[in-house]
Amino acid sequence: MDLIMCVLGNIIWVCRAWELRETIKYRLKLLRNLIGFVTMQGLECSQLTDLLTYTVVAAGRLISICMFDYDEQVANRMESEIYQLMHEKINLLDLQVRETFVHVLTASKKQPRPSYALALQKNEDRVVGQFVGSLRDYLMDLLGSYASFQVPVKDQILRLHEEIRCLGILLKQEEKLGDEMKDLIGAVVSDAAILTFSLSVNEIKEGLPKEIDLAVLHLHKVLKYMVAEVAHNYPLKSPYSSFNYPRPNELGCMDSFLENLKELARCDEADDSIGFQHHRIQVIQNDLVFLRSFLENIKEQRYQNGKLQAFWSHVMEAAYKAELLIDLALVGDKCEDSLDAVSRDINLLKIEAPEIHNAQTQRVNKTSLHIPSQLAAAMHDEDLVGLDDEVETITHRLTRGSKQLDVVPIVGMPGLGKTTLANKVYNAPSVRSYFHVRRWCRVSQTYNIRSLLVELLCSSSSESSDEYHKMDENDLVMKLRQVLLRSRYLLFLDDLWDVEAWNLLEKSLPNDANGSRILFTSRYQNLSLHFKPNSEPHHLRHLTDEESWTLLQRKLFGTKDCPPALSEVGSQIAKLCQGLPLAVVLVAGILATTAQDSWEEVVKSLSSIVLEDEYCMKSLELSYSHLPDYLKPCLLYFATFQEDKVINVRRLLRLWISERFVQQAEGKRVEEAAYDYFMALVNRSLVKGVGQRTVGGAKACLLHDLVHEFCVKKAIEESFLYDVHTWNPLGITGPSNPHRVCVRNTRELKIWELTIIFPNLRSLILFGHGHIEHEEEDLDILLPKLLRVLDFRSLPFRYNSFPIEVVLLVHLRYLALKGVAYIPSAIANLSRLETLIVDDPVFGIELPSTIWNIKTLSHLRALNYHGVWPMGFIFPVENLEVSPDLDCLDTLDLAIDPSSQSLQKILRKLPSIRRLKCMEQPGGTREATRNCNEILEFDSLSQLESLHLFGFHGCGFKFPLNLKKLALTYNCQPWSEISTIGKLLNLEVLKLLDRCFVGEEWIMKEGEFPNLRVLKLSRLKFRNWTAFSDNFSRLEKLVLHRCKELEKVPSCLGECETLEMIVVKNCPESVGDSVKQIEQEQMDMGNVALKIEIDNYDDTIFSPEAESTPSEAEEISLERESISSHHAVDNCESECTVGFHSSEQVSSEGESISSHLPEWTETFLSLLDLV
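As stated in UniProt under Sequence similarities (unreviewed entry), the record for the protein chain gives "Belongs to the disease resistance NB-LRR family." Taken from UniProt, the Subcellular location (unreviewed entry) comment for the protein chain reads in full: "Cytoplasm".

As C-alpha cells, this is what we get:
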C-alpha cells in the first residue's frame, strides 16, 4: 500500500496527458481501497491484488524512466501500455470489471472474520472510510459521464450517494455506537458497494429496475435506524419518537398545508411521486377542511374553555403529523401505515367536533380591532420629548471641564431612551464642531474586539471595510490610535455591558490632554467606576406624565390635536406608562389599531402591569396579544436575526413568503402583501423602518433590543424557533424536533450533527464569520430532507463548489449560498424553489439548461459586495425555443455578453420581470473599448419597473414605457443621447453613475423628465448643466457626488415647488454656492423645510469632517443587499455614435415619495438603492 501511495504522489509529475493522469489516480485509489476493505473482511483476493501490483509496477517504471533516464519513445510506449491496461482491466463502466468487484464483495461477506467492532478498535475504520469515499466518487463520476439520464434515475443515484455519505459520517461516530451496531456498519458498507457496482449503464438509461429501487429503500431504512441509534446518544430525546409544532398562527399554517394538498391533488403524477394512493390525501384534505371551519368558530371561545382548547390542540397536532408524513413520502420515505393511523385520528376528530360544539356555550364576541382613519398616523423617528435639559447637561460635560481624557456614561433601564439621547448629543452642531474626530460602535452583550475596532475605524464615512478585515488585531489597534492621536476626539460606545470591552479598547485611546471624551450608554449604573473611579454616571430620568402624554399624542396624531373625547382616557394611559418612552411607543402602537370606544379596555390591561423590566415585557406581551394571528409569526421571525443588527427588508420579506406566513391578497402581488404585513408591524411601533427607498418603501429595519429579547423568548415558548448561540451538540437543550433552527456561530458547526439531532427541520439559517475556513470533514453535509428554507450565506464552500446534497431537498423554497460559481443541472429537482441567492460570487454564475424547468422561480440574486464588477447569473441559450418560460421570475441579476445576440432570446422567456440588474459579462467576446452598433432591447418587458445597467460601452438601448427607475453605470454615452430617456413619461428615479455619459455639457430639452422625483449624478465628468424649470416640475431630491468638474447647478431649480432635499458631496465649491442660492430662493417661496447637505471634503481620504452617525456605519457593515463598487474604466471618454431608443410614449401619474431619509442613513441607503 505504501508503494501505491508513492506512485499516486509522483504520477502527477511524469504523466503528460492530464486525462490519463487523473484516470490512473482515480482508478488506482478505488482498486486500492476495495482491496483494503475486502482484506479487512478476511478475504485474500489474488486476482485484484495481482492486477493492482501489475499496474503499479508499470506506473513505477514510467516514473523511473521519466525521472532518472528519460527516453521519450519508451515513455510514450509506457503511457500507451498503461492506458490500454486501464481501459481493459480497470474500466469501471465495463460489465466484466464490475461483476468481478461484485463477486469479490459478495465473497468477502461470507468470510469468517473477527467483529467489525474489533476492527474499528484497530483503527481500520480509516480503510472503510476511504472505500466509502471511493464509492461516492464513482457515483458522481457516473452521473457526470451520462448527462442524458432521466431525472428520476438521477434522483435515485443522488439518493444512493447521500446514503453512502451518511455511512461515512456514521464511521466518525463509532464512540456513540455499540459493538452490534459497529458490526452492522461493515455489512451495510458491503451491501452499498454491491448495489453501487450492480448499476448497469444500459439499464439506468431506461430507468432503474425495481430490485435496485427496493435495495436503495432497504439501505435507507437501515441507515435511518442507525442514525436514530446515534441520535439516542445525544442529550435530547430521539427526534423520531417526539413531536413538536409551532403555535403562532396555527390556522394560517393549516391553510398553507391545505393549499399544498390542493397543489398535490392537481399533480398528474401524484401517485408515482408519493408512493401511496391519491384518495388517502383527498380524505385527509376533506376532513381538515371541515375541521378548519370548526376551529375558526371556536378560536376565541377556546381561551375560556379547557375542553375546546384541548380539542384544538389535538386537531393541530394531527394536521402537523399528516403534513410531516406526506412530506416525508415526497422524499422517498415509505410511511403508508403511519399516515393511515393519522388519517383515522383526523376522521375521529371530525366526528367528535359537532358533539363538543353542542355541549359548549355560544362563543364570546371579541371587540373588533381596526384602524380608524382619524387615528392612522404616519410613524416618525422617535423624537426627544421634554429632555432638552438632558441634552444640554450631556453636551456641557462633553465640551467643558477637564482637558484630560474623560468618560461620560448615560445609564438607565431598557427602553428609557439612552441611545436616542446619546445620538441627539452626538449629532448636536456644537458637538460636531468641537471635536475633530468622532467615532462610534455598538458593543452589546456579545462582541468581538476585532469587529469593534473595524466598526470604529469605518464609522466616519462610507469607506469600504475590506482593507481593515485583512488586518490583524494589533494592526487595527495601531491604526485606530494613529487616527485619534493629537486630535480632540469623541468616541461613542453604545450599549456597554461589562468592563472587559473597555479594557480591550483602552490601549487604542491616546490621552493628549486636549479635551477628548468617551460617551457610552449602559444599563449598569456603576460600570464606569471600574475603569474611572471618579466618573459620575448621568442617570437618565423618566418622562413626566405630561411629557409621556405629549409623546403619546405625537405618535398617534402627529401634528394634529387629540380629539377631545379621547383626551382624558389618553392622558390616563400615558400616566400608566410610568415615564418609560418605550412603553409609550408600544402602547401607541396598540391604540393606533384599536377602536376609540375600546381604549378603556387598554387602560384595564395596563393597570395590572408593574414597574421596570417586568412592566416592559408585559407591555410587549400586550402588544403581541393584540396582533392579528397572521402577524405573530412575522414578528417572532425577527428572533432569527442577531440583536442590534439592521435587517434588509427585501430579504426579510422573501423569507416570510418562503415560510408561507403571507397570504396573497386579491389584486396584489404576494410581495406587496408581505410589505403590508411589514408596515403593520412598523405602525404598531414594534419594528422601526430605516429610511425610504427612492420609489417608496423602507430599505431596512431594526428592533429595539428589548423587543428582540421578547421575540426570542416568545419564539422558544411557542415552539416557533430554536436558537443555537454556540454549536455544542452535547450541550443542546430544548425542543427535540423544532421546525426552525438558527445557529449564531458556525465556527464549530458540523452540519451532519444538525441532521442527526433535528431530522425534520424545515428552516435552517446560519450566522457566523465568512472568513473562517472549515475543515473538509466538518462540511460533510447531510441535510435534513424536509428543509424549505436554507440560508448558507455564512458558510463558504471550498473551491466555490455547489453542495450537491441540496438538490435532494425537494421541498426547498428559499436557498442562499456563498461564492458558488455554477449551479448543477440537478437543481431542477427543486421544483418548488422560489428564491435563489448567491452572496459574493467570484465569477458569473453559470445556470444549467434545466433552470427553465423550475416554474416557481421568482428571485435570482447575485449579491456582490466587494467585487470590482458586479456579478450575475449566466443563462444557457441552447434550445430556448423548446424551453418553458419562467413566468414567475420577478427579480433577476443577469450577466450577458451583448455580442452574442442572446439577450432578446432570454428576455422573451421572462415575461414577468419587474426588477432587472443587467451587467456586461466579464470576459465576453465583445471588445469593450470600441464603438458598436448593437442595440439592447428591453422594451418588450411590459412589467419592468426598475432597471440597472452596468457596462455595455457603446451600446444603444430601448427602454419600456412603464419604467419607473433607471440606473446606468459605465455606459459612456454622449450627453446628446440622454434625450430619449427624458421622454420616458413614467420615469421617477434616475441615477447616472460612473461615466455613464461623457462630454462637457448636458443640455436638457424643454419638456423632458416630466415625472422625475429623484435625480442622482455621481462621478460624472461634465462642466456645464443647462435645464428648464419644467424639467424639475416634480423633483423632490437631487444628489450630486464627486462631479468634480461641474461649475454649478441650473438656477431654475429655485422655481421647483416640490423640492425637499439637495445633497452635494465632494463637488467644487462653486456648486455648493449655487445650491445655497437655490436654498435662498426656496425660502423666499416659503419652502422652509428644504434640507440642504453640502460636504466638499474628499471622501476617498480621511478627514475630521468625514463623519457619520452610528446607525449609518451599523447598516453599512451589517446588512447590505447589493452594494457595488464603482471604478473607472478605460476609454470612457470616446464618443459613441449609437445611443438610446424608446418606444411610443404614454403619460402616467407618479407616486409621491414618502419622507426624506434620516441624515445618518444616507450613505448606506444610497448603496442599497443600487439594487
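Enquirer: Outline the nonpolar core, supporting the account with residue identities and numerical values.
Expert: Ranked by internal contacts, the top residues of the largest apolar core, which has 107 residues, are L916, F938, I981, L992, W1002 and W1025. Judged by nonpolar contacts, the second largest core, of 51 residues, contains V649, I657, L703 and V707.

Enquirer: A description of the pattern of salt bridges should follow, citing residues and the corresponding values.
Expert: Between side chains of opposite charge, a pair can form as their charged atoms come close. Under the defined criterion, the tally for this structure stands at 39 salt bridges. Of the charged contacts in the structure, one is a salt bridge between E709 and K713, with a shortest N-O distance of 3.2 Å. Of this pair, E709 and K713 both sit in helix α32 (residues 705–717), four residues apart, roughly one helical turn. Residue K713 is classed as partly exposed on the basis of its relative accessible area of 47%.

Enquirer: Could you give me a rundown of the sheet that holds strand β6 (residues 647–648), with the residues and numbers involved?
Expert: Two pairing modes exist for strands in a sheet, parallel and antiparallel, and in both the strands are linked by backbone hydrogen bonds. With antiparallel pairing, three strands are arranged side by side in an open sheet as β6-β8-β7. What marks the edges here is a single partner per strand, and that holds for β6 and β7 (688–690).

Enquirer: Mind laying out helix α17 (residues 388–399), listing which residues take part and the relevant values?
Expert: Given 3.6 residues to a turn, an α-helix orients residues that are three or four positions apart in the same direction. Taking 1.5 Å per residue as the helical rise, α17 with its 12 residues ought to reach 16 Å, and the 16 Å between its terminal C-alpha atoms agrees with that figure. E390, V391, I394, T395, L398 and T399 are the residues of α17 that are buried. Viewed along the axis of α17, the buried residues span an arc of 145°, placing them on a single side of the element. Looking at the buried residues of α17, the elements they touch are β1 (406–411), α18 (418–426), α19 (429–434), β3 (489–494), β4 (517–522) and β5 (538–539). Following α17 by one or two positions, G401 has its phi on the positive side, about 90°.

Enquirer: Hey, could you go over the packing of helix α14 (residues 278–298) against helix α15 (residues 306–330) for me, with residue numbers and the actual values?
Expert: Interhelical geometry of α14 versus α15 gives an angle of 150° and a closest axis separation of 11 Å. With respect to each other, α14 and α15 are oriented roughly antiparallel. Here α14 runs over α15; the crossing is left-handed. Residues I281, I284, L288, L291, F294, L295 and I298 of α14 form the contact with α15, whose participating residues are L308, F311, W312, V315, M316, A319, A322 and I326. Residues belonging to the contact of α14 with α15 are distributed by class as follows: 15 nonpolar, no polar and no charged.

Rules and cut-offs
- Residues numbered from 1 in each chain as written.
- Predicted model: local features only at pLDDT ≥ 70, side-chain atom pairs only at ≥ 80, totals over all residues.
- Heavy atoms only, no water.
- UniProt positions renumbered as here; feature names shortened; annotations may be inferred.
- Core = buried A, V, L, I, M, F, W, Y, C linked by side-chain atoms within 4.5 Å.
- Buried < 20%, exposed > 50% of the residue type's maximum accessible area, 1.4 Å probe, protein only.
- Salt bridge = Lys/Arg side-chain N within 4 Å of Asp/Glu carboxyl O.
- Helix = DSSP H or I, 4+ residues; strand = E, 2+ residues; numbered from the N terminus.
- Pairing = 2+ DSSP bridges.
- Expected span 1.5 Å × (residues − 1).
- Arc of directions from axis to C-beta.
- Contact = heavy atoms within 4.5 Å.
- Axes fitted to C-alpha atoms, helices over the stretch in contact; angles between N-to-C directions.
- Parallel < 35°, antiparallel > 145°, perpendicular 65-115°, else oblique.
- Left-handed = near helix turned anticlockwise from the far one by under 90°.
- Nonpolar A, V, L, I, M, F, W, Y, C, P; charged D, E, K, R; others polar.

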